[in-house]
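Overview (structure and organization)
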Protein chains: 2
Amino acid sequence: MSDESMFDTVCLIGIGLIGSSLARVMRRDHLARHIIACARTDATLAKVSELGLADETSKDLGKAVENADLVVISTPIGTNGAIAETISAHLKQGAIVTDVGSVKQAVMAAITPHIPEGVHFVPGHPLAGTENSGPEAGFAELFEGRWCVLTPDEKTDPDAIDQVAALWHRAGSKVDMMDAEHHDSVLALTSHLPTLIAFNIVGTVADLEDSTKQEVVKYSATGFRDFTRIAAQDPVMWRDVYLNNREAVLEMLQRFSEDLSRLQRAIRWGEADMLEDLFRRSRDVRRNIIDAGQA
Amino acid sequence: MSDESMFDTVCLIGIGLIGSSLARVMRRDHLARHIIACARTDATLAKVSELGLADETSKDLGKAVENADLVVISTPIGTNGAIAETISAHLKQGAIVTDVGSVKQAVMAAITPHIPEGVHFVPGHPLAGTENSGPEAGFAELFEGRWCVLTPDEKTDPDAIDQVAALWHRAGSKVDMMDAEHHDSVLALTSHLPTLIAFNIVGTVADLEDSTKQEVVKYSATGFRDFTRIAAQDPVMWRDVYLNNREAVLEMLQRFSEDLSRLQRAIRWGEADMLEDLFRRSRDVRRNIIDAGQA
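Only a predicted model underlies this, so the values are computations on that prediction, with no experimental measurement involved. (Residues numbered from 1 in each chain as written. Chains lettered and ligands numbered in written order. Predicted model: local features only at pLDDT ≥ 70, side-chain atom pairs only at ≥ 80, totals over all residues. Heavy atoms only, no water.)

1. Thoughts on the overall build of chain A
Within chain A, the secondary structure is distributed over 12 helices and 9 strands. Relative to a compact globule of 295 residues, whose C-alpha radius of gyration would be 19 Å, chain A shows 21 Å and is just as compact. With the C-alpha coordinates of chain A rotated into their principal frame, the extents come out at 65 × 45 × 35 Å. By residue count, 59% of the 295 residues in chain A fall in the buried class. Restricting to contacts in chain A with at least 6 residues of sequence separation, those with at least 24 account for 72%. Accessible surface, chain A as shown: approximately 11,600 Å² in total, 46% of it carbon and sulfur. With 29 positive and 44 negative side-chain charges, chain A shows a spacing of 6 Å between the two charge centroids. (Helix = DSSP H or I, 4+ residues; strand = E, 2+ residues; numbered from the N terminus. Rg over C-alpha atoms; globule rule 2.2 N^0.38 Å. Buried < 20%, exposed > 50% of the residue type's maximum accessible area, 1.4 Å probe, protein only. Contact = heavy atoms within 4.5 Å. Areas by Shrake-Rupley, 256 points an atom, 1.4 Å probe, with all protein chains shown as cover. Lys, Arg positive; Asp, Glu negative; His and termini not counted. Charge placed at Lys NZ, Arg CZ, Asp CG, Glu CD.)

Laid out in structure tokens, this is it:
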């Protein structure tokens with residue numbers, strides 16, 4: 001890419017873990033001549049300036065997007081519709097809008113109606129994250145070696161798709177194209193359900209009487225601790241994921257609960273072979289993941 | 001401890017991840033003058049010899065324990081009763097028998113009746129492990145900084161307790177005393193339930209059609225992967241845990257399922273505040289763990 005920037009002006013709406021990591025990638029590789037960061041609070045914007053993540057900060061979404069060639073929405077997905085509506089009349093002809101939401105059908109339904117003729121919306125989802133949130137939690141290497149899934153439809157401009165894909169490649173990601181419905185169903189199982197289960201088991205512990213809770217914390221290094229790390233992620237972001245991928249999550253949860261009932265019954269009735277067989281098959285899935293280089 | 005060994009002869013019955021790690025600690029710190037390792041198969045014993053983990057290997061449990069001052073049983077807990085019965089008549093007066101099982105009431109009920117007068121049984125449980133198993137998976141640092149819980153009863157010889165505690169201290173562990181019933185209940189929640197949940201969700205995926213399963217593996221880095229690591233642990237060991245801590249696990253599973261039903265209902269009916277509140281409380285538990293130095 002040498003000295004030439006990929007984009008002239010980029011507007012980052014939302015500058016938490018994902019948005020600020022992307023800002024760091026753009027800074028590191030000089031991918032944008034001018035970066036404008038938008039957030040709801042002065043405190044966040046002050047932090048952004050202090051960290052040098054943007055050339056300009058703003059709480060006025062309309063003004064912020066006016067000159068942007070690329071607008072990246074990285075806020076909890078429940079806010080996306082209102083944001084798209086607010087920026088709609090201010091978007092420049094030829095601009096590209098993209099997002100990073102963990103659910104794609106609901107986000108596309110919320111954003112697409114507000115995208116004017118001549119502006120291109122490329123829905124995206126980088127499969128990356130940590131249990132930390134906020135602009136100070138980001139880092140440029142967050143996306144390296146991870147997948148970024150784009151879910152354009154048949155009407156999406158191919159050049160816009162290419163530019164968004166190129167940005168994620170520069171961030172070190174592998175880029176995949178997928179149908180939005182299929183994305184939501186696969187992610188319900190690989191991400192939304194495991195996280196829900198982690199929230200649930202940690203919640204079960206949170207409800208214990210204090211003395212027992214202290215002991216659970218003390219002896220947490222035996223499996224429980226891994227769940228608390230998953231369950232430490234941003235509450236608002238995850239609330240919105242479940243509210244916006246309801247059908248797929250409920251379907252996977254139903255399967256999970258049926259399987260758990262079977263397992264509960266096997267324990268109650270001492271069905272040793274059934275337990276051992278299931279545990280062996282679980283280990284095989286782990287081996288597939290190791291073979292696929294995802295461990 | 002200088003040059004003097006803690007024990008003259010130690011017999012390790014079972015030399016998988018835990019047994020072989022303990023052997024490595026004893027080798028490193030010269031805690032035993034003579035180590036005898038017992039396993040069921042020639043292949044395992046050949047591996048033990050190749051790794052230099054013992055001075056002597058044997059498949060004859062009776063002979064192996066004859067001169068032992070300390071006998072450590074580190075086999076799946078379903079085998080403990082039969083092992084105790086087999087070695088009973090061969091144990092030397094004054095010998096100490098200990099174990100490393102993840103369940104304490106059932107193990108004590110299985111072993112105690114076979115402990116002769118003048119031999120001391122000190123039930124123990126090092127809270128340490130990895131997803132790997134077998135003698136080659138062990139390492140001397142496995143127990144460092146981890147808890148080891150001993151669950152002697154009021155009749156257990158105090159000197160024997162001290163010697164077993166001293167061994168675990170040398171392995172780098174912090175040692176705690178606990179009532180066996182309480183241990184089983186706390187561990188059901190911190191260890192047995194999370195592992196069961198992990199086995200279950202990985203099992204749900206194992207039942208998917210092949211094409212979807214391949215995609216779940218491909219995108220596993222989004223939460224699911226952490227579960228597969230937990231669910232890759234030894235199937236026989238865990239089968240025996242659930243069969244032998246049935247009541248406590250079923251009780252915790254019941255609580256978990258009730259909480260999950262509530263969560264499922266909140267997703268179905270779009271109860272945003274309830275979801276966000278639960279997720280915030282989960283994050284607080286994580287902070288407690290970080291504050292307790294267990295993260």
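2. So, the side chain of B:D240
Mapped onto the elements, B:D240 comes out in helix α10 (residues 235-244). With residues up to four places along the chain from it excluded, the contact list for B:D240 reads B:P76, B:I77, B:G78 and B:T79.

3. Quick look at the pattern of salt bridges
In total, this model carries 40 salt bridges over all chains according to the counting rule given. The salt bridge involving A:D277 is made with A:R281; its shortest N-O contact spans 3.8 Å. Taken together, the residues A:D277 and A:R281, both in helix α12 (residues 272-291) and 4 residues apart, mark about one turn of the helix. Overall, A:D277 belongs to the partly exposed group, its relative accessible area being 43%. B:E50 is the partner of B:K47 in a salt bridge, and the nearest nitrogen-oxygen pair spans 3.9 Å. Highlighted residues: B:K47 and B:E50, both in helix α2 (residues 42-51), separated by 3 residues, approximately one helical turn. Owing to a relative accessible area of 28%, B:K47 belongs among the partly exposed residues under this scheme. By sharing partners, the salt bridges in this structure join A:R28, A:D29, A:E144 and A:R170 into a single network. (Salt bridge = Lys/Arg side-chain N within 4 Å of Asp/Glu carboxyl O.)

4. Observations regarding the relation of the copies chain B and chain A
Each copy superposes on the other: chain B lies on chain A with an RMSD of 0.0 Å after a rotation of 180° and an axial shift of 0.0 Å. What we have between these two chains is a two-fold relation. Residue B:D226, judged by its C-alpha, is the member of chain B lying nearest the rotation axis, at 3.7 Å. (Least-squares fit on C-alpha atoms with pLDDT ≥ 70 in both.)

5. Remarks on the interface of chain B and chain A
Contact residues are listed per partner, giving 88 residues for chain B and 88 residues for chain A. Summed over both sides, the interface of chain B with chain A buries roughly 8,600 Å², with 67% coming from carbon and sulfur. Interface area lost by chain B to chain A is led by B:Y219, B:I267 and B:F279, which between them contribute 8%. Seen at the junction of chain B and chain A, the total is 10 salt bridges. Of the charged contacts, one joins A:E276 and B:R239 as a salt bridge, the two residues approaching to 2.6 Å between their closest N and O atoms. Counting across the chain B and chain A interface gives 34 residue pairs in polar contact (both at pLDDT 80 or more). Counting residues per element, the ones that place at least two in the side of chain B that touches chain A are β8 (147-150), α7 (180-206), α8 (210-218), α9 (224-230), α10, α11 (246-268) and α12 (272-291) of chain B. The element that contributes the greatest number of residues to the side of chain B that touches chain A is α7(B), accounting for 18 residues. Residue composition of the side of chain B that touches chain A, by class: 47 nonpolar, 19 polar and 22 charged. (Buried area = accessible area lost by both parts, 1.4 Å probe. Polar contact = N/O pair within 3.5 Å; in protein donor to acceptor, adjacent residues only side chain to side chain. Nonpolar A, V, L, I, M, F, W, Y, C, P; charged D, E, K, R; others polar.)

6. Looking at the sheet that holds strand β5 (residues 96-99) of chain A
Residues and elements named next belong to chain A. Judged by pairing direction, the sheet is parallel, and its 6 strands sit side by side in the order β3-β2-β1-β4-β5-β6 without closing on themselves. Looking along the sheet, the strands with just one partner apiece sit at the ends: β3 (56-58) and β6 (120-122). The average undirected angle you get between the axes of adjacent strands in this sheet is 20°. Here 4 bridges tie strand β4 (residues 70-73) to β5, and the two strands are oriented parallel to one another. Residue pairing in the sheet places V72 in a bridge with T98 of β5. Each of β2 (32-38) and β3 is contacted by helix α2 (residues 42-51), which is oriented at about 175° to β3, the strand it contacts most. (Pairing = 2+ DSSP bridges. Axes fitted to C-alpha atoms, helices over the stretch in contact; angles between N-to-C directions.)

7. A look at unusual backbone geometry
Keep in mind that most residues, glycine aside, have a negative phi and that most peptide bonds are trans. Here A:H30, not a glycine, exhibits a phi torsion of approximately 50°, which is positive. Note on A:H30: relative accessible area 54%, which makes it exposed.

8. Re helix α10 (residues 235-244) of chain A
Across the 10 residues that make up α10(A), a large majority, 7, are buried. Those residues of α10(A) not exposed but buried are A:P235, A:W238, A:R239, A:D240, A:V241, A:Y242 and A:L243. Here the buried face of α10(A) lies against α7 (180-206) and α11 (246-268) of chain A together with α11 and α12 of chain B.

9. Observations concerning the pairing of strand β9 (residues 174-177) of chain B
Residues and elements named next belong to chain B. Alignment of β8 against β9, held across 4 bridges, turns out to be parallel. Pairing of V149 across the sheet is with D176, part of β9. Once you follow β8 into helix α6 (residues 158-170) and on to β9, the crossover reads as right-handed. (Right-handed = clockwise from strand over helix to strand, strands pointing away.)

10. Considering the domain arrangement of chain A
Residue and element names in this part refer to chain A. In terms of domain boundaries, chain A breaks down into domain 1 (7-178) and domain 2 (182-291). On a C-alpha basis, the centroid separation for the pair domain 1 and domain 2 is 31 Å. Summed over both sides, the interface between domain 1 and domain 2 buries roughly 1,300 Å², with carbon and sulfur atoms accounting for 65% of that surface. Area buried by domain 1 at its contact with domain 2 is led by S102, E131 and M178, which between them contribute 38% of it. The tally of links between domain 1 and domain 2 comes to 0 salt bridges. Inspection of the domain 1/domain 2 interface yields 5 residue pairs in polar contact (both at pLDDT 80 or more). Residues of the side of domain 1 that touches domain 2, tallied by class, amount to 7 nonpolar, 8 polar and 2 charged. (Domains from an automatic or database assignment.)

11. Some words on the environment of B:T228
Residue position: B:T228 is located in helix α9. Residues B:T228 and B:E181 lie 47 residues apart in sequence; the distance between their C-alpha atoms is 29 Å. Those residues in contact with B:T228, other than ones at most four positions away along the chain, are A:V285, A:R286, A:I289 and B:V202.

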